[in-house]
Amino acid sequence: MIDTSKKTLRTAIFHGPSGSGKDTQLDLLERTIDYERIGFSSLMEILKKEGHPRALSAYENTRVGKLASDEDVYLIFEEWLPRLDPKKPWFFVSPVRKETQIDLFDKLVQKFDRTLDLFVHFKLTESAAIERMSLRTYCEKCGTTYHSLYKKEKKEGFCDNDGTPLVKREDDNPDAIAKRLEWYNDDLKPILDTYRSRGILLEIDATPSIEVIHENLLKELQKYA
């Protein structure tokens, strides 16, 4: 286990395009780091079941293909964070997707006596992204994503968790993927520029195997031990 008790890494963001494997890497980090994982979609589901009005509002937007408003997103975060262990590192999953959210995130974590220590960006080339997303399927019930090369289901065509038949996203085709990456990179540039200027940007090449990516990530995180 990595000893995080004396680390300066208290708050980090993990970000990358679809197919970059950031969620897989966070899963693997649970073997070595005792941390709190904070992803908007999972929090929205939990709070929606509790009847939280902002979670219900955000869900209605996402249900019809719209993005949740910044106000809903960050009020949901603010509702959830007091439930976390303040002694553990907090690892957020893509809470900053556009430039206007940089300041919102700073103000959010300041309320909990934190600042962002590290922005981890998983870089993926267009060709690698197209290959990965073109071959993936997912479970509509639990949201788990599978890949015929990198994360194959135990029984072909069915979710390991609940046996639901797997489906493919309609927009997981090369042209649509390339367009999504173009939008992603346009939004990403000012974000990377900001965190690079702060000296907290860590870029990880997400094109190798899962094992190599994880080895490189751990090597970088060890610098904070």
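Parameters at a glance
Residues numbered from 1 in each chain as written. Predicted model: local features only at pLDDT ≥ 70, side-chain atom pairs only at ≥ 80, totals over all residues. Heavy atoms only, no water. UniProt positions renumbered as here; feature names shortened; annotations may be inferred. Helix = DSSP H or I, 4+ residues; strand = E, 2+ residues; numbered from the N terminus. Buried < 20%, exposed > 50% of the residue type's maximum accessible area, 1.4 Å probe, protein only. Contact = heavy atoms within 4.5 Å. Areas by Shrake-Rupley, 256 points an atom, 1.4 Å probe, with all protein chains shown as cover. Lys, Arg positive; Asp, Glu negative; His and termini not counted. Charge placed at Lys NZ, Arg CZ, Asp CG, Glu CD. Arc of directions from axis to C-beta. Salt bridge = Lys/Arg side-chain N within 4 Å of Asp/Glu carboxyl O. Phe/Tyr/Trp six-rings, centres within 6.5 Å; stacked < 30°, edge-to-face > 60°. Lys NZ or Arg CZ within 6 Å of the ring centre and 35° of its normal.

The name given to the protein chain in an unreviewed UniProt entry is Adenylate kinase, with Candidatus Dojkabacteria bacterium as the source organism. The heading Subcellular location (unreviewed entry) in the UniProt record of the protein chain holds the text "Cytoplasm". According to the UniProt record, the Sequence similarities (unreviewed entry) comment for the protein chain reads "Belongs to the adenylate kinase family."

Student: Mind laying out the overall build of the protein chain, listing which residues take part and the relevant values?
Tutor: The helix and strand tally for the protein chain stands at 8 helices and 7 strands. By its C-alpha atoms, the protein chain is 45 × 40 × 35 Å across when sized along the principal axes. Here the protein chain holds 225 residues, and 42% of them are scored as buried. For the protein chain, restricting intrachain contacts to residue pairs at least 6 apart in sequence, the fraction spanning at least 24 positions comes to 69%. On the protein chain, roughly 12300 Å² of surface is accessible, and the fraction owed to carbon and sulfur atoms is 50%. Between the averaged position of the 36 positive side-chain charges in the protein chain and that of its 40 negative side-chain charges there is a distance of 2 Å.

Student: Describe in detail helix 2 (residues 40–49), supporting the description with residues and values.
Tutor: Looking at helix 2, one finds that the buried residues are F40, L43, M44, L47 and K48. In a view along the axis of helix 2, the buried residues occupy a sector of 130°, so they form one face of it. When the buried face of helix 2 is taken as reference, the exposed residues oriented beyond 90 degrees from it are S41 and K49.

Student: Which residues make up unusual backbone geometry, and what are the values?
Tutor: You will see that S94, though not glycine, has its phi angle at about 50°, which is positive. Topologically, S94 is positioned in the loop between strand 3 (90–93) and helix 5 (100–110). The phi dihedral of D113 falls on the positive side, at around 55°, and the residue is not glycine. Its location among the elements puts D113 in the loop between helix 5 and strand 4 (118–123).

Student: So what about the pattern of salt bridges? Which residues, and what values?
Tutor: The full count for this structure, using the stated rule, is 16 salt bridges. Taking the shortest distance from any N to any O, the salt bridge between D27 and R37 comes out at 2.6 Å. Of this pair, D27 sits in helix 1 (residues 22–29) while R37 sits in strand 2 (residues 36–39); the two residues are 10 residues apart in sequence, bridging distant segments of the chain. Note that K179 is salt-bridged to E182, the shortest N-O span being 3.7 Å. Taken together, the residues span about one helical turn, with K179 and E182 both in helix 7 (residues 174–198) at a distance of 3 residues. Of the residues examined, K179 reaches a relative accessible area of 37% and is grouped as partly exposed. Through salt bridges with shared partners, a single ionic network connects D23, D27, E30 and R37.

Student: Describe the packing of aromatic side chains, naming the residues involved and giving the relevant values.
Tutor: Here the structure, examined in full by the defined rule, presents 9 aromatic pairs. When the ring of F14 is compared with that of F122, the centres are 6.3 Å apart and the planes differ by 25°; the resulting orientation is stacked. With F14 in strand 1 (residues 11–15) and F122 in strand 4, this residue pair connects regions lying 108 residues apart in the sequence. The exposure class assigned to F14 is buried, which follows from its relative accessible area of 1%. Look at F122 and you get buried, because its relative accessible area is 0%. The rings of F40, Y74, F77, F92 and F105 are connected pair by pair, giving a single aromatic cluster. If you follow K155 out to its NZ or CZ, it ends over the ring of F158, 4.9 Å from the centre.

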